[in-house]
Amino acid sequence: QVQLVESGGGLVQAGGSLRLSCAASGNIFSFTTMGWYRQAPGKQRDSVATITSGGITNYANSVKGRFTISRDNSKNTVYLQMNSLKPEDTAVYYCNAQYGRPYLGDYWGQGTQVAVSS
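As the structure is a prediction and not an experimental result, all values here were calculated from the model. (Residues numbered from 1 in each chain as written. Predicted model: local features only at pLDDT ≥ 70, side-chain atom pairs only at ≥ 80, totals over all residues. Heavy atoms only, no water.)

## Regarding the overall build of the chain
Heads up, the rule is: Secondary structure follows DSSP: runs of H or I at least 4 residues long count as helices, runs of E at least 2 residues long count as strands, and numbering of each begins at the N terminus. Our radius of gyration looks at C-alpha atoms and nothing else; its globule reference is 2.2 Å times the residue count to the power 0.38. Burial classes follow relative accessibility: with a 1.4 Å probe on protein chains only, a residue under 20% of its type's maximum area counts as buried, one over 50% as exposed, and anything between as partly exposed. We call two residues in contact whenever any of their non-hydrogen atoms come within 4.5 Å of each other. Residue exposure ignores everything except the shown protein chains as possible cover, and the areas themselves are Shrake-Rupley values with a 1.4 Å probe. Only four residue types enter the charge count: Lys and Arg as positive, Asp and Glu as negative, with His and the chain ends excluded. To locate a charge, the coordinates of NZ of Lys, CZ of Arg, CG of Asp or CD of Glu are taken.
The secondary structure content of the chain amounts to 0 helices and 11 strands. Across the chain, helices and strands are ordered from the amino to the carboxyl terminus as β-β-β-β-β-β-β-β-β-β-β. The C-alpha radius of gyration of the chain comes to 14 Å, within 12% of the 13 Å expected for a compact globule of 118 residues. Referenced to the eigenvectors of the C-alpha coordinate spread, the extents of the chain come out at roughly 40 × 25 × 25 Å. Counting over 118 residues, the chain shows a buried share of 43%. The long-range share in the chain, meaning contacts at least 24 apart out of those at least 6 apart in sequence, stands at 54%. Summed over all atoms, the accessible surface of the chain reaches about 6200 Å², with 47% contributed by carbon and sulfur. Positive and negative charge centroids in the chain, built from 10 and 6 side chains respectively, lie 4 Å apart.

## Some thoughts on the pairing of strand S3 (residues 18-25)
Regular strands show a simple pattern: their side chains alternate between the two faces of the sheet. Our working rule: Note on pairing: DSSP must find at least two bridges between two strands before they are called paired.
Where strand S1 (residues 3-7) and S3 come together, 5 bridges link them in antiparallel fashion. Bridging across to S3, Gln3 finds its partner in Ser25. In the sheet, S3 pairs with strand S8 (residues 77-82) via 6 bridges, with the strands oriented antiparallel. From the neighbouring strand, Ser21 faces S8, where its bridge partner is Tyr79.

## Digging into the pattern of salt bridges
For clarity, the cut-off: By definition, a salt bridge exists where a carboxyl oxygen of Asp or Glu is found within 4 Å of a side-chain nitrogen of Lys or Arg.
Scanning the model with the defined rule gives 2 salt bridges in all. In this structure, Arg38 and Asp89 form a salt bridge, with 3.0 Å as the shortest nitrogen-oxygen distance. Of the two residues, Arg38 sits in strand S4 (residues 31-39) while Asp89 sits in the loop between S8 and strand S9 (91-99), which places them 51 residues apart along the sequence. Accessibility expressed as a relative area gives 14% for Arg38, which makes it buried. Residue classification places Asp89 among the buried residues on the basis of a relative accessible area of 1%. Note that Arg66 is salt-bridged to Asp89, the shortest N-O span being 2.8 Å. Taken together, the residues Arg66 in the loop between strand S6 (57-59) and strand S7 (67-72) and Asp89 in the loop between S8 and S9 connect sequence positions 23 residues apart. As far as burial versus exposure is concerned, Arg66 and Asp89 are alike and both buried. Each member of the salt-bridge network shares a partner with another, and the members are Arg38, Arg66 and Asp89.

By themselves these figures say nothing about function.
Below is the structure:
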């Protein structure tokens, strides 16, 4: 059973930075697209950033220029560097990892809270 474990969340002031990490453990096989999603209270879960196994990235418009996603395939780990944080970035951030070509399914982490104070 694959597990995704997120870390790095917390409370930060507006304008500050955080770095989220997501490490996969268990019965690991190669993931295709990995990414970060977030869900604010009362809202749906939205994509923040994704990265393919080849390093192609995609960002939500709201985070472009402020967030950077990266991955270490040898460690099955994906990162999210978040700079210039805003109060509207406050949410639970979830790691996601897809597998299979074509797509077969995905795994989700348990989520890590990010809170940005004004």
